Amino acid sequence: MKINVTRSSMPSYEEYCEAIKPIFESKWLTNMGPLHNEFADKVGTYLGADNVSLFTNGHLALTIAIRALNLTGEVITTPFTFASTTHAIVDCGLTPVFCDVNPDTYTIDTDKIEELITDKTSAIIPVHVYGNVCDVEKIEAIAKKHNLKVIYDAAHVFGVKIGGRGIGTYGDISMFSFHATKVFNTIEGGCLTYSDKALEGKISTLRNFGITSPESVDEVGTNAKMNEFQAAMGLCNLKYIDDCIESRKVAEETYRKRLEGVDGIKLCPIQGGVTQNHAYFPVLFDGYKYNRDEIAQKLSAEDIFARKYFYPITNEFSCYKGKFRGETPIAKKISENILTLPMYEGLSDDNVNKICDIILR
Ligand SMILES: *Cc1c(COP(=O)(O)O)cnc(C)c1O
């Protein structure tokens, strides 16, 4: 039996069929239908967000967040992320400036942000990585001092809270991804959360071709609407999200029991005061008897597929290499030594133990 790095959480076939039945009756498939609106309310409540807008995927949501805030010039971000973050910045005609990451949480190193700020800087786009949260207080203080906007790539932190406060309430806007591989999915999908209600109109307009009324188009918009089938999947999956996270937690506990304290193996420290979502289980091999690539090979030889994630870092992509400012040696070293182990709802204790046996052998 193959063990992949992730497996999508799904409702039963019957439950999903029941949920999509009204679509066959109304024949309303997309463009802010009833399921879209119901799901927007429910997911916003779950995230503890003041305002939420749904999207067909997280990447377009992030792109629209950047457009909605009218960012210009340079944006400080990290390269230890998925292609989406850097692509969204560049696609909006902005220049990414790469800040290195914290060696424990792999999120932006807040002690290195200010030295990168110039008179062209308009925003910081940090990434909450693996379910670890950024130092949101420090980022807020820097943004305030230099009059910068903050958009969080929150693709990995669905359901995460700091001291009971939803992670999507920090910064100007946060982007969550509901892709099939994430903790919570709507097949493909995503959302933006934001505290300034005034952004809602602009975000909705950009999401629907810039159309503001049947005969007026006021923005160079795109098409990024969530359809009714996605919303139905979201409504089904949302019912089970707490069980899903609990199941991941059990798997993480077994991983930690087996791998914590082993020479040459480094796990992320558990962040105090943070409600975790156990999205990923990253392991850093640093001075272990085998390197990351050898471990990945040994696992795949037994049909277990871990992921070199994130590797390479985005400033090493051929489309970006050498083009943008910012030295990121820590991010580079982490990306060359990190492996995210299988982690999903229903991953059995036996399988976690099997994976650990192979690594420790
Ligand atoms: C998944 C992901 C995205 C993109 O989300 P999609 O919904 O797949 O478009 C962006 N950033 C990070 C860090 C991600 O992991």
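Above this note sits the structure.
Residues numbered from 1 in each chain as written. Predicted model: local features only at pLDDT ≥ 70, side-chain atom pairs only at ≥ 80, totals over all residues. Heavy atoms only, no water.

Visitor: I'd like a description of the nonpolar core, backed by residues and values.
Guide: Formed by 67 residues in total, the largest nonpolar core has its most connected members in F39, V43, F80 and F178. Secondary structure elements with two or more residues in this core: α1 (13–26), α2 (34–47), β1 (51–55), α5 (136–146), β5 (149–153), α7 (228–239), α8 (241–259) and α10 (329–337). Of all the elements, α7 adds the most residues to this core, at six residues. Inspection of this core shows a minimum of three residues originating in each of domain 1 (13–238) and domain 2 (241–360). Counting 26 residues, the second largest nonpolar core, distinct from the first, contains A65, I173, L192 and Y194. (Core = buried A, V, L, I, M, F, W, Y, C linked by side-chain atoms within 4.5 Å. Buried < 20%, exposed > 50% of the residue type's maximum accessible area, 1.4 Å probe, protein only. Helix = DSSP H or I, 4+ residues; strand = E, 2+ residues; numbered from the N terminus. Domains from an automatic or database assignment.)

Visitor: Could you give an account of the layout of surface pockets, with specific residues and numbers?
Guide: As a volume, the largest pocket reaches approximately 320 Å³. Of all the elements in the fold, those that place two or more residues in the lining of the largest pocket are α3 (58–68) and β8 (173–177). Looking at the lining of the largest pocket, its residues break down into six nonpolar, ten polar and four charged. Three or more residues apiece are contributed to the lining of the largest pocket by two domains, here domain 1 (13–238) and domain 2 (241–360). Size it by volume and the second largest pocket reaches roughly 260 Å³. Lining the second largest pocket are 16 residues, and of these E140, A143, V150, G171 and D172 sit closest to its centre. Put simply, the parts of the chain that give the lining of the second largest pocket at least two residues each are α5 and β5. By residue number, the principal contributor to the lining of the second largest pocket is α5, which donates four residues. (1 Å grid on protein atoms, 1.4 Å probe; cavity = no way out; pocket = protein on both sides within 12 Å on 5 of 7 lines; lining within 4 Å. Points joined across faces, edges and corners; volume = space filled by probe spheres on them. Nonpolar A, V, L, I, M, F, W, Y, C, P; charged D, E, K, R; others polar.)

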